[in-house]
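What follows is each chain in one-letter form.
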Amino acid sequence: MRILPSADAPPSGIVSFTIDGVHPHDIAQIAAEHGVAIRAGHHCAQPLLRKLGIDATARASFGVYNDCADVNALASAVRAAQQLFTEVSS
Amino acid sequence: MMATQALYKKILLQHYRQPHHKCEGSLDDADVVRRGANPRCGDEIEVGLYLDAQRLRQVVFRGRGCSICIASSSMMTDAVLGRSITDARDLCAHMHQWFQQGDGADLAAPPADLQALSAVRAYPARRRCVLLPWDALAEALDSL
């Protein structure tokens with residue numbers, strides 16, 4: 001898994017990420033089934049993604065209304081996506 | 001996650017991981033090439049046709065997309081290979097109708113080797129993913 005904001009970037013509630021072998025659309029689909037709505041795609045930033053060499057990303061946006069349960073649900077969704085697509089490739 | 005299992009059937013995931021007739025190189029020698037793109041997500045599929053008289057001697061695709069898009073592309077190439085141009089056009093139209101009408105429509109099911117895609121009918125947001133290669137194929141056939 002790759003989280004796009006670099007470690008030295010200012011802290012933000014917006015986290016773009018990719019998972020090796022899992023398209024962001026599929027991540028978003030699985031997240032939705034875990035009760036988590038995230039965006040997937042270009043995010044209207046095609047030139048930047050092209051520069052980064054990335055086709056698309058998943059993007060989670062955290063707000064003051066989110067709590068640890070929401071974060072855990074997203075983490076579960078990421079694990080489920082990794083597991084689903086890893087199982088098939090093995 | 002029952003819904004996930006329903007959508008991501010094993011056969012569909014196998015086509016995603018090991019797509020049939022996926023080309024990594026040039027399609028310059030194809031008789032006709034058409035590209036389908038979904039600008040919202042960046043998915044792009046190019047479909048290349050190689051003709052023998054009025055039949056599809058070879059059908060290949062290249063590009064990038066989600067699992068549904070790549071699996072649909074792979075299954076599509078299997079399904080139309082060897083068909084006449086007319087038959088392939090009919091199948092494109094059928095698939096388009098089958099997905100546009102959504103789950104529960106009484107349109108006849110497509111050939112058995114495409115029915116693993118049926119779960120996508122319940123996900124309107126993914127219809128564009130599944131139809132992207134079919135739209136490119138239809139455009140290629142219409143150009144002949």
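Attention here is on the structure that accompanies the text.

Reading the values: the criteria
- Residues numbered from 1 in each chain as written.
- Chains lettered and ligands numbered in written order.
- Predicted model: local features only at pLDDT ≥ 70, side-chain atom pairs only at ≥ 80, totals over all residues.
- Contact = placed C-beta atoms within 7 Å.
- Helix = DSSP H or I, 4+ residues; strand = E, 2+ residues; numbered from the N terminus.
- Nonpolar A, V, L, I, M, F, W, Y, C, P; charged D, E, K, R; others polar.
- Buried ≥ 20, exposed ≤ 12 C-beta atoms within 10 Å, placed from the backbone.
- Axes fitted to C-alpha atoms, helices over the stretch in contact; angles between N-to-C directions.
- Parallel < 35°, antiparallel > 145°, perpendicular 65-115°, else oblique.
- Left-handed = near helix turned anticlockwise from the far one by under 90°.
- Core = buried A, V, L, I, M, F, W, Y, C linked by C-beta atoms within 7 Å.
- Expected span 1.5 Å × (residues − 1).
- Bend = angle between axes of the 7 residues up to and from the residue.
- Pairing = 2+ DSSP bridges.

**So, the interface of chain A and chain B**
Okay, step 1: Across the contact, 15 residues belong to chain A and 16 residues belong to chain B.
Okay, step 2: Among the elements of the structure, α1 (24–33), β3 (39–41) and α3 (68–89) of chain A are those that each provide at least two residues to the side of chain A that touches chain B.
Okay, step 3: Top element by residues in the side of chain A that touches chain B is α1 of chain A. It accounts for 5 residues.
Okay, step 4: Taken together, the residues of the side of chain A that touches chain B break down into 6 nonpolar, 6 polar and 3 charged.

**Describing the environment of Gly36 of chain B**
All names here are of chain B.
Okay, step 1: Following the sequence through the fold, Gly36 ends up in strand β1 (residues 32–38).
Okay, step 2: Look at Gly36 and you get buried, because 25 C-beta atoms sit within 10 Å.
Okay, step 3: Along the sequence, Gly36 and Leu137 sit 101 residues apart, while their C-alpha atoms lie 8.6 Å from each other.
Okay, step 4: Beyond its immediate stretch of four places on either side in the chain, Gly36 contacts Ile45, Leu132, Pro133, Asp135 and Ala136.

**Quick look at the packing of helix α3 (residues 67–80) of chain B against helix α5 (residues 127–142) of chain B**
A pair of packed helices is captured by two measures, namely the crossing angle of their axes and the spacing between those axes.
All names here are of chain B.
Okay, step 1: Contact geometry for α3 and α5: axes closest at 7 Å, N-to-C directions at 40°. Taken together, α3 and α5 sit at an angle that is classed as oblique. As for the relative orientation of α3 and α5, their crossing is right-handed in sense. Here α3 contributes Ile68, Cys69, Ser72, Ser73, Met76 and Val80 to the contact with α5, which in turn contributes Cys129, Val130, Leu132, Pro133, Trp134 and Leu137.
Okay, step 2: Split by residue class, the contact of α3 with α5 holds 10 nonpolar, 2 polar and no charged.

**As for the nonpolar core**
Okay, step 1: In this structure, Val47, Cys69, Val80, Cys92, Val130 and Leu137 of chain B are the most contacted members of the largest nonpolar core, which totals 38 residues.
Okay, step 2: For this core, the secondary structure elements donating two or more residues are α2 (10–17), β2 (43–52), β3 (55–64), α3, α4 (85–100) and α5 of chain B.
Okay, step 3: Excluding residues that lie within four positions of it along the chain, Cys69 of chain B makes contacts with Asp43, Ile45, Cys129, Val130, Leu132 and Pro133 of chain B.
Okay, step 4: Counting 17 residues, the second largest nonpolar core, distinct from the first, contains Val22, Ala40, Val78 and Ala81 of chain A.

**Digging into α5 of chain B**
Okay, step 1: In a regular helix each residue adds 1.5 Å, so 16 residues correspond to 22 Å; α5 of chain B covers 21 Å between its end C-alpha atoms and thus fits that length.
Okay, step 2: Where α5 of chain B bends most, at Pro133 of chain B, the angle is about 30°.
Okay, step 3: Among the 16 residues of α5 of chain B, 12 are classified as buried, and the element is accordingly described as predominantly covered.
Okay, step 4: Of all the residues in α5 of chain B, the buried ones are Cys129, Val130, Leu131, Leu132, Pro133, Trp134, Asp135, Ala136, Leu137, Ala138, Ala140 and Leu141 of chain B.
Okay, step 5: In this structure, the buried side of α5 of chain B is in contact with α1 of chain A together with β1, β2, β3, α3 and α4 of chain B.

**Considerations on the sheet that holds β2 of chain B**
Residue and element names in this part refer to chain B.
Okay, step 1: Spatial strand order, β1-β2-β3: 3 strands in an open sheet with antiparallel pairing. Looking at which strands have only one partner, the edges of the open sheet turn out to be β1 and β3. The average undirected angle you get between the axes of adjacent strands in this sheet is 20°.
Okay, step 2: As paired elements, β1 and β2 share 7 bridges and run antiparallel to each other. Note that in β2 the partner of Gly36 across the bridge is Ile45.
Okay, step 3: Contacts between α3 and the sheet are confined to β2 and β3, with β3 contributing the most and set at about 170° to the helix.
Okay, step 4: Along the sheet face, α5 touches β1, β2 and β3 and points at about 150° away from the line of β1.

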